[in-house]
Amino acid sequence: MIGLISATAAGAAARDRLAAAWPDRTRVYEGPVGEAVRAAFAECEQLVCFLATGAAVRLLAPLLGDKRADPGVVCVDEGGRYAVSLVGGHGGGANELAREVGALLAAEPVVTTATDSVGLPGLDMLGLPYEGAVAAVCRALLDGEPVALEAEVAWPLPPLPLSAQGSYTVRLTDRAVAPGEREVLLRPPSLVVGVGASRGAPVEEVLGLVEEALRDAGLSVRSVAELATVDAKAAEPGIVAAAERLGVPLVTYSAEELAAVEVPNPSDAPLAAVGTPSVAEAAALVRGGELLVPKRKSAARPAMATCAVVRRPGRGRLAVVGLGPGARDLLTPRAEAELRRASVLVGLDQYVDQIRDLLRPGTRVLESGLGAEEERARAAVAEARAGHAVALIGSGDAGVYAMASPALAEASDDIDVVGVPGVTAALAAGAILGAPLGHDHVSISLSDLHTPWEVIERRVRAAAEADLVVTFYNPRSRGRDWQLPKALTILAGHREPTTPVGVVRSATRPDESSRVTTLGALDPASVDMMTVVTVGNTATRTIAGRMVTPRGYRWQDGRQEEAR
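This write-up is about the structure you can find in this document. Predicted model only: the values in this text are computed from it and were never measured.

## Structural notes on the sheet that holds strand β24 (residues 500–505)
With respect to topology, five strands assemble into an open sheet ordered β22-β23-β26-β24-β25, the strand pairing being mixed. One side of each edge strand has no neighbouring strand; the edge strands of this open sheet are β22 (441–445) and β25 (513–518). In this sheet, neighbouring strand axes are inclined to one another by 20° on average, regardless of whether the strands run parallel or antiparallel. As defined by bridge partners, β22 adjoins strand β23 (residues 469–473) across five bridges and the pair is classed as parallel. Bridge assignment links Val-442 to a residue of β23, and that residue is Val-470.

## Remarks on the packing of aromatic side chains
Applying the stated criterion to the full structure yields two aromatic pairs. Between the aromatic rings of Tyr-401 and Tyr-473, the centroid separation amounts to 4.7 Å while the plane-to-plane angle is 55°, which identifies the pairing as tilted. Separated by 72 residues along the polypeptide, Tyr-401 in the loop between β19 (389–394) and α15 (404–410) and Tyr-473 in strand β23 bring together distant segments of the chain. Classification of Tyr-401 as partly exposed rests on a relative accessible area of 42%. Classification of Tyr-473 by relative accessible area gives buried; the value is 9%. Aromatic side chains Trp-453 and Trp-482 sit 5.1 Å apart centroid to centroid with 70° between the ring planes, which places their arrangement in the edge-to-face category. Here Trp-482 lies in the loop between β23 and α18 (483–492) and Trp-453 lies in helix α17 (residues 453–465), a separation of 29 residues in the sequence. By relative accessible area, Trp-453 is classed as buried at 10%. In this arrangement the basic side chain of Arg-25 is found over the ring face of Trp-22, its NZ or CZ atom lying 4.3 Å from the centre.

## So, the side chain of Thr-517
Residue placement: Thr-517 occurs in strand β25. Classification of Thr-517 as buried rests on a relative accessible area of 17%. Look past the residues within four positions of Thr-517 in its chain and what remains in contact with it is Thr-499, Pro-500, Val-501, Val-503 and Leu-522.

## Let's talk about the sheet that holds strand β21 (residues 434–435)
Taken together, three strands build an open sheet; the order of strands is β21-β28-β27 and the sheet is mixed. Single-partner strands in this sheet number two, and they are β21 and β27 (541–543). With two bridges connecting them, β21 and strand β28 (residues 546–548) associate as parallel partners. Looking at β28, one finds that Gly-434 is bridged to Met-547.

## Digging into the pattern of salt bridges
One side chain can pair with another of opposite charge once the charged atoms of both are near each other. Throughout the structure, instances matching the rule amount to 32 salt bridges. Across the salt bridge formed by Arg-312 and Glu-226, the nearest N and O atoms sit 3.3 Å from each other. Placement of Arg-312 in the loop between β15 (305–311) and β16 (317–322) and of Glu-226 in strand β12 (residues 224–230) is noted, with a sequence separation of 86 residues between them. Take Arg-312: its relative accessible area is 10%, and that puts it in the buried class. When its relative accessible area of 9% is taken as the criterion, Glu-226 is described as buried. Here Arg-505 ties to Asp-528 by a salt bridge, and the two come within 2.8 Å at their closest N and O atoms. Residue Arg-505 is found in strand β24, and its partner Asp-528 is found in the loop between β25 and β26 (531–535); the two are separated by 23 residues along the sequence.

## A look at the environment of Ala-544
With respect to the secondary-structure elements, Ala-544 resides in the loop between β27 and β28. The spacing of Ala-544 and Gly-434 is 110 residues in sequence and 9.8 Å in space, taken between C-alpha atoms.

The rules behind the values
Residues numbered from 1 in each chain as written. Predicted model: local features only at pLDDT ≥ 70, side-chain atom pairs only at ≥ 80, totals over all residues. Heavy atoms only, no water. Pairing = 2+ DSSP bridges. Helix = DSSP H or I, 4+ residues; strand = E, 2+ residues; numbered from the N terminus. Axes fitted to C-alpha atoms, helices over the stretch in contact; angles between N-to-C directions. Phe/Tyr/Trp six-rings, centres within 6.5 Å; stacked < 30°, edge-to-face > 60°. Buried < 20%, exposed > 50% of the residue type's maximum accessible area, 1.4 Å probe, protein only. Lys NZ or Arg CZ within 6 Å of the ring centre and 35° of its normal. Contact = heavy atoms within 4.5 Å. Salt bridge = Lys/Arg side-chain N within 4 Å of Asp/Glu carboxyl O.

Have a look at this one:
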């Protein structure tokens, strides 16, 4: 819960805007400010104080205890210009809260945490359990000292400027080892513990067996991702309670799924009881991995619990990101977040240049020139399969004549894939021209590098006959100068010469140009590969210099459609 405190009418107005936007996340504290701050500090995970920073500091100072447990505090000034991350930037989540508050109130977030200020993710903010000299290693990263990465387990990490050798170390491990003096241990959730239990097995027996198995194998309990068992044991109290005490989810599978898993130690007892020859080993192995601890039984007599431990490799992550048409303010926040998250960026060199300043230090960039789309797709998928967090970028929307298709054709289910939409060229051009896409429309690429011209021509004819507004991508290049005239001729067989046509070059970029002409007057020689051509349908009109395609067809009779 986020506590909201204000002292003035202006602060209360901004406070109420936040409360209205986040009704389930916030609680307003009324009354004297000092009492409100004390109550919110004790009851909430985070605070937003609509106070001067000096006043907030004096009120908060006596309350501060441990930065790992104190609430995160954001301070918003009287004018609503700044959202300052004041306390608990990392541990309390105040840095991210400042960004959220700033976005909602149109205030500038102010974050002074050292790692955030230079674009480095804090080692304590990676979402992984950690141990060791976090402050010292982060300081070494900030000072540019070499920090080595020792990855005993492959796991997708955000970009960090780590090297093969260094006097400081970040070790990614699920083993039960202690950190060195200049070392941070990151604990990936790589271990799956399969468990089986007789009816009524006490939680102490189940939990004790799990902890003993991990200890004997030299594995860290902090890397356990889940307990897994058969559906028939989903409500077994001892198993449910063991998962709760470990703080991990309990995942269950059907007996049929588990029976199909090949295990080294099948048994007739679970087959008779729940319909599968293995519970613990099969539940741990059902989604693949390396069996580190074969089935073992608890020490009680009779033994009422079994467990097995598997190490699952980290799944790589491929984000296919659309950068939009070119203007920075049309790059979505989600796309920016994926660019910051990726440790490997793959893209066309000119697109990489557009967003290079957004990349975090340590991001590895694989860039290539025009014509290497399939190579880039294969490289991105290969990096994800190697366990990295990868962003594959394309202009506009990556799923429209861009990189998503070749990448997803290469990708199998051994990696996670995320699509991030972007503003595609047809939409950017349409917004510049007016409202040409107000009714049914189609986009057609005139490039015959990947599609035979016969297929393209058939599609153009179908769009012409269906009276669809048509947006042409890749309309004309030096080596392809006849396709656009041919396509326009096909459309002219179904539309009047006066049909509006919009021509937009370099939409939203500094050298943007646009004009509205007609089907009869358009000179194809004025069009190049940086241009999008939008041809209206029989209802499209030019109004005040803008292309407008009405949502209905009443305008064909000279009557404007009623506003809806």
